[in-house]
Amino acid sequence: QVHLVESGGGLVQPGGSLRLSCAVSRSISTFDAMGWYRQAPGKERELVARISSGNNIHYADSVKGRFTISSDNAKKTVYLQMNSLKTEDTAVYYCHAQRAVVIEIKYDYWGQGTQVTVSS
């Protein structure tokens, strides 16, 4: 039983900041990758930020320089710090975890999502 619970979403004005949190029910070190995705109305779900094996970090071009993904292993929590928010950042944000038993067998886990609305 793996549970991912997001929090920290809400309404913020353009240029503002939010920090999303993803509480994980097991040690983050047991996963090969942790990340954040988002989905806006009428659009496909897209990768926002990801930490993978070797502590490699990837950001979508649209959020580079504005968003920062980080983790706290002791608290079993992954964060997404979002600064300089734009209206186009409005979406439901989902926490994601992946564990690979072997390269051919991977397990994916998703949180329930948290709404982020950027509007004046």
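Residues numbered from 1 in each chain as written. Predicted model: local features only at pLDDT ≥ 70, side-chain atom pairs only at ≥ 80, totals over all residues. Heavy atoms only, no water.

**Q** Looking at this structure, how should I read the environment of L4?
**A** With respect to the helices and strands, L4 occurs in strand β1 (residues 4-7). The exposure class of L4 is buried, given its relative accessible area of 5%. Spatially, the C-alpha atoms of L4 and T77 are 9.2 Å apart, while their sequence positions differ by 73 residues. Those residues in contact with L4, other than ones at most four positions away along the chain, are C22, A23, V24, C95, H96, A97, Y109, W110, G111 and Q112. (Helix = DSSP H or I, 4+ residues; strand = E, 2+ residues; numbered from the N terminus. Buried < 20%, exposed > 50% of the residue type's maximum accessible area, 1.4 Å probe, protein only. Contact = heavy atoms within 4.5 Å.)

**Q** For this particular structure, what's the right way to read unusual backbone geometry?
**A** Negative phi is the rule for most residues except glycine; trans is the rule for most peptide bonds. Positive phi, close to 50°, is recorded for K76, a residue that is not glycine. You can see K76 is positioned in the loop between β7 (67-72) and β8 (77-82). Assessed through its relative accessible area of 31%, K76 is described here as partly exposed. A positive phi is found at S84, a non-glycine position, where the angle reads about 50°. For S84, the position within the fold is in the loop between β8 and β9 (91-102). Exposure remark for S84: the relative accessible area of 41% places this residue in the partly exposed category.

**Q** Explain the nonpolar core here, please?
**A** Within soluble globular proteins, side chains that are nonpolar tend to cluster in buried spots. Among the nonpolar cores identified, the biggest contains 31 residues, and W36, L80, M82 and Y93 are the most heavily contacted of them. Ignoring anything within four residues of it in the chain, the contact list for L80 reads L18, R19, L20, W36, V48, A49, F67, T68, I69 and Y93. (Core = buried A, V, L, I, M, F, W, Y, C linked by side-chain atoms within 4.5 Å.)

**Q** It is not clear to me how the environment of A23 should be interpreted in this structure. Could you clarify?
**A** Looking at where A23 falls in the secondary structure, it is placed in strand β3 (residues 18-24). The exposure class assigned to A23 is partly exposed, which follows from its relative accessible area of 37%. The spatial distance from the C-alpha of A23 to the C-alpha of D89 is 22 Å, given a sequence separation of 66 residues. Not counting residues within four places of it along the chain, the set of residues in contact with A23 comprises H3, L4, V5, K76 and T77.

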